[in-house]
Amino acid sequence: MTTHVTDLDLGFGGQRVVVPGHIGLFYSGSDDLGVLFDFLRGGLARPDEAVVVFGPQGAPSKFLEAFEKNLARDLGSEVADRKLVLFEGDTDPDAQLAKLIRAVTTLVEKGAGVVRVLALVAWDAPKWPVPEDFLWLESRLDAALASLPVALVCAYDVTSMPGPGLIYAGIESHKLVSIGGKVAPNALAVPAEAYMADRLLRLPWLAREASALEGRGARGVHACAFFISRDEEYATLLPLIREGIERGEAAFHIIDPKRRVDHIERLDRGGVDVEGLQSSRQLEIRDWHETYLVDGRFDPDRTTALLADVLSKWSGGVRLVADMSWALGRAPGVDALVEYEARFTESIRSYGDTVICTYDSARFAAATMLDILRAHPVVILGGYPQDNGLYTQPAALIHELRARDR
């Protein structure tokens, strides 16, 4: 009888996980496959382990070619002996889940004590469930694999994954995440039952009142908020805006100049007395060209000084909401966005205010969004603020960013 291990060396970063384990791993394209290779290499080297690789149409075979090149040898015998199993996904999520369970179960029956599974994640690709079905699949994997000796790594290429895929699948569906070869518990993971109700069925979360920043003791907070539609954005922001106004805080909004009329109309419909608050100077609305893009370029130091001036002028505190879609353009200086966000976290600690940076997750690249997420101590997902378990201290994040550019 095979003895199943309960603690597995992943093969990278000196990391071990309890089996069964389900990890969301983020990597950056075909030049950053080393961690994936290291994860599988251990399974091939040990007689009591086996390896499974699956993904969308063509992805497993392409990955096998890269893996063989890395190992400098052919893996045909391992494939023939079913030591290494490859299969393509299925557009039906139930069928894909059944394929995975069948592959793992078969290897266990043949004597494998542990099965290492690498899922080459895709989004809206051939031979892969459509996004909504894939989200369902990710949310069910923990339960489906609970009785099997499997270490499953879901590999997300942040250079090709869209923002919603990164947030709703990569981050919210995994209790463990790996960034840069380090595995850590993920405080942003959503339990499967809540995921079904709040994400997939979209029942209560768009309409419910957001958790109060006030109740979190969140003065002096720098938060990022991710949305996939304007309606979702305002369903979340309006309660936070009203809350700040009711507390006597100033409201300072930075918006797309093309959306000024729409923004004011949504505030009015949401119960904000725009005209009265502007008259009393408790509400100020500026556009990108008056803040981030003065003279048509982004200057981080100038922007930080400008916002510091704003935050210092209202004794009752300021609740600043900034639409960050200006960074999607090609203005000079925009490449400094992530470092600016990291540094701004440090500067805001000097003030007793709340700054919410809003990002359209359907438009920003996943790689950028992951860095943005790591630059903010608080994240607003699913309509409510929460401590960001992926937050990285500014000095460490900036060091990493600069190392990438060398």
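Residues numbered from 1 in each chain as written. Predicted model: local features only at pLDDT ≥ 70, side-chain atom pairs only at ≥ 80, totals over all residues. Heavy atoms only, no water.

Is there a simple way to think about the pattern of salt bridges in this case?
When the charged atoms of two side chains with opposite charge come close together, those side chains can pair. Counted according to the given criterion, the structure contains 24 salt bridges. Close ionic contact of Lys99 with Asp90 constitutes a salt bridge, the shortest N to O distance being 3.9 Å. Between Arg259 and Asp323 there is a salt bridge, and its shortest N-O distance comes to 3.5 Å. One end of the pair, Arg259, is in the loop between strand E11 (250-255) and helix H9 (260-269); the other, Asp323, is in strand E13 (residues 318-323), and 64 residues separate them in sequence. Accessibility assignment for this pair places Arg259 and Asp323 in one class, buried. Linked by salt bridges that have partners in common, Arg230, Asp231, Glu233, Arg259, Asp262, Arg266 and Asp323 make up one network. (Salt bridge = Lys/Arg side-chain N within 4 Å of Asp/Glu carboxyl O. Helix = DSSP H or I, 4+ residues; strand = E, 2+ residues; numbered from the N terminus. Buried < 20%, exposed > 50% of the residue type's maximum accessible area, 1.4 Å probe, protein only.)

When you look at the sheet that holds strand E10 (residues 221-227) in this model, what are you seeing that I'm missing?
Paired through their backbone hydrogen bonds, the strands of a sheet run either parallel or antiparallel. Strand order in this open sheet of seven strands is E12-E11-E13-E14-E10-E15-E16, and the pairing throughout is mixed. Of all the strands in the sheet, just strand E12 (283-287) and strand E16 (384-387) have a single pairing partner and so form its edges. With strand direction ignored, the average angle separating the axes of adjacent strands in the sheet is 20°. As judged from the seven bridges shared by E10 and strand E14 (residues 354-360), these two strands associate in the parallel manner. Note on E14: the bridge partner recorded for Ala225 is Thr358. (Pairing = 2+ DSSP bridges. Axes fitted to C-alpha atoms, helices over the stretch in contact; angles between N-to-C directions.)

Help me understand the nonpolar core in this model?
One broad trend across soluble globular proteins is that nonpolar side chains are buried collectively. Among the nonpolar cores identified, the biggest contains 83 residues, and Phe26, Val117, Leu166, Phe226, Tyr292, Leu320 and Trp326 are the most heavily contacted of them. Setting aside residues no more than four positions away along its own chain, Leu166 makes contact with Phe26, Val158, Met161, Ile171, Ala366, Met369 and Leu370. Core analysis: the second largest hydrophobic core is formed by 29 residues, Leu25, Leu36, Val53 and Phe63 among them. (Core = buried A, V, L, I, M, F, W, Y, C linked by side-chain atoms within 4.5 Å. Contact = heavy atoms within 4.5 Å.)

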